[in-house]
Amino acid sequence: MQGKMRALRLFSPGDIRCVEVAIPEIERDSQVKIKVKACGVCGSDIARVMTKGTYKFPTTIGHEFAGEVVDVGNGVKNVEVGDRVTVVPMIPCGVCKYCKVGNAHMCDTYDYYGSRRDGAMAEYIVVESSNCLKLPPNVDYEMGSMVDPVSVALHAVRCAGAVEAGSSAVVYGMGPIGFITVQWLRTLGCREIYAVDIADEKLRLAERLGVKKGINGMECDPVKAIKELTGGDGVDTAIELAGNKITIVQSVLSVKKAGKAILCGITYDDVVFPNSAISHILRGEIVVKGSWNSSLNPLPINEWESALQFMQTGDVKVNPLITHRFRLEDGQRAFEMMFNRTEVFTKVLFKPED
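Everything numeric here is computed off the predicted structure, so don't read it as measured data.

S.K.: Kindly report on the pattern of salt bridges, identifying the contributing residues and their values.
M.R.: Following the criterion strictly, the structure yields 19 salt bridges and no others. In this structure, Arg 6 and Glu 329 form a salt bridge, with 2.7 Å as the shortest nitrogen-oxygen distance. Pair noted here: Arg 6 is in strand 1 (residues 4-12) and Glu 329 is in the loop between strand 17 (322-326) and helix 11 (331-340), with a separation of 323 residues, a long-range link. We classify Glu 329 as partly exposed; its relative accessible area is 39%.

S.K.: Which residues make up a nonpolar patch on the surface, and what values do they have?
M.R.: A contiguous nonpolar surface patch, about 340 Å² in accessible area, is contributed by Ile 266, Tyr 268 and Trp 292. Position of Ile 266 relative to the elements: it lies in the loop between strand 15 (255-263) and helix 9 (275-283).

S.K.: Describe the pairing of strand 12 (residues 192-197), listing the residues and the values that go with them.
M.R.: Burial within strand 12 is extensive, with 5 of its 6 residues counted as buried. Bridge analysis of strand 11 (residues 168-172) against strand 12 gives 5 bridges, and the strand direction is parallel. Looking at the pairing, Ala 169 lines up with Ile 193 of strand 12. Handedness of the β-α-β unit built from strand 11, helix 5 (residues 176-187) and strand 12 comes out right-handed. Looking at chain direction, strand 12 and strand 13 (residues 213-216) are connected through 4 bridges and run parallel. From the neighbouring strand, Asp 197 faces strand 13, where its bridge partner is Asn 216. In the classification by handedness, the crossover that spans strand 12, the intervening helix 6 (residues 200-208) and the parallel strand 13 is right-handed.

Definitions and cut-offs
- Residues numbered from 1 in each chain as written.
- Predicted model: local features only at pLDDT ≥ 70, side-chain atom pairs only at ≥ 80, totals over all residues.
- Heavy atoms only, no water.
- Salt bridge = Lys/Arg side-chain N within 4 Å of Asp/Glu carboxyl O.
- Helix = DSSP H or I, 4+ residues; strand = E, 2+ residues; numbered from the N terminus.
- Buried < 20%, exposed > 50% of the residue type's maximum accessible area, 1.4 Å probe, protein only.
- Patch = residues over 30% accessible without salt bridge, like charges linked within 9 Å, V, L, I, M, F, W, Y side chains within 5 Å.
- Areas by Shrake-Rupley, 256 points an atom, 1.4 Å probe, with all protein chains shown as cover.
- Pairing = 2+ DSSP bridges.
- Right-handed = clockwise from strand over helix to strand, strands pointing away.

Following this line, the structure appears as structure tokens:
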């Protein structure tokens, strides 16, 4: 007889409940069953749960997670029962033109845990073994649940090209990926890093993590402030992670001539570029580039494996970013808090065992 478990399921936008469902079972030789130890809330989850919805209802949400392997299919070779793993949430088709040339993160017909199929805000989940990566000994489950945002931040920095020693950058939006982006920039040689946000508490943490100066975008014009701090030039690279129609334009205006603006934050608004920004892009030959998800390519680096390596050495720290831990039963309250911003939060985790 199939056992039962608790799962946080979305029934319609704004209607999320902790309910009892059947424990999923392995259906293919390539799959493994994982006991979920920690599942993080991505910024995209907040909009998905409260306004956008998933691709079908009800859906168990959550795609940033880590846990213990408790069962494996007959064909699984890369992990075994007892292994501690994190899981890549994207399941590319493997046959479209983008998958064929190694750009699986641009797959035309991908599947995805937590939105297109049931995710990990539950006690158990069954996943493809090929999506599993073992956690190093000193990377705990909470850290392991954050490998996804660490790899997304790395991808955004890599989209900017080589970070030169002593170069300058600004990061707009101090959510989890913003804080991690700051650390990647610092680790890879960028020494003049600025952060823009509207919460002083977050800006203070950014400075502790290596930012030269935090700029409150509600208290001053961040573009003017960055120009003043850089002798009138602007920075070499701007990485926009707030997903705000105002900060997207500001990020472009913040870079010097021949600089790069990387757009990574998800926005649901139309963005209008004023003539001053268009002129700056043209006359300054500014590169404006998008960054989406993280690359699964084995070469030149695997961004997920690199994320784990740098988390293991402590060069990228994620524990200081965790501000809230919730039980599955607290799902509705937690998402209402995040959506309405009634508390200052950075990384919110659900702990299914609690």
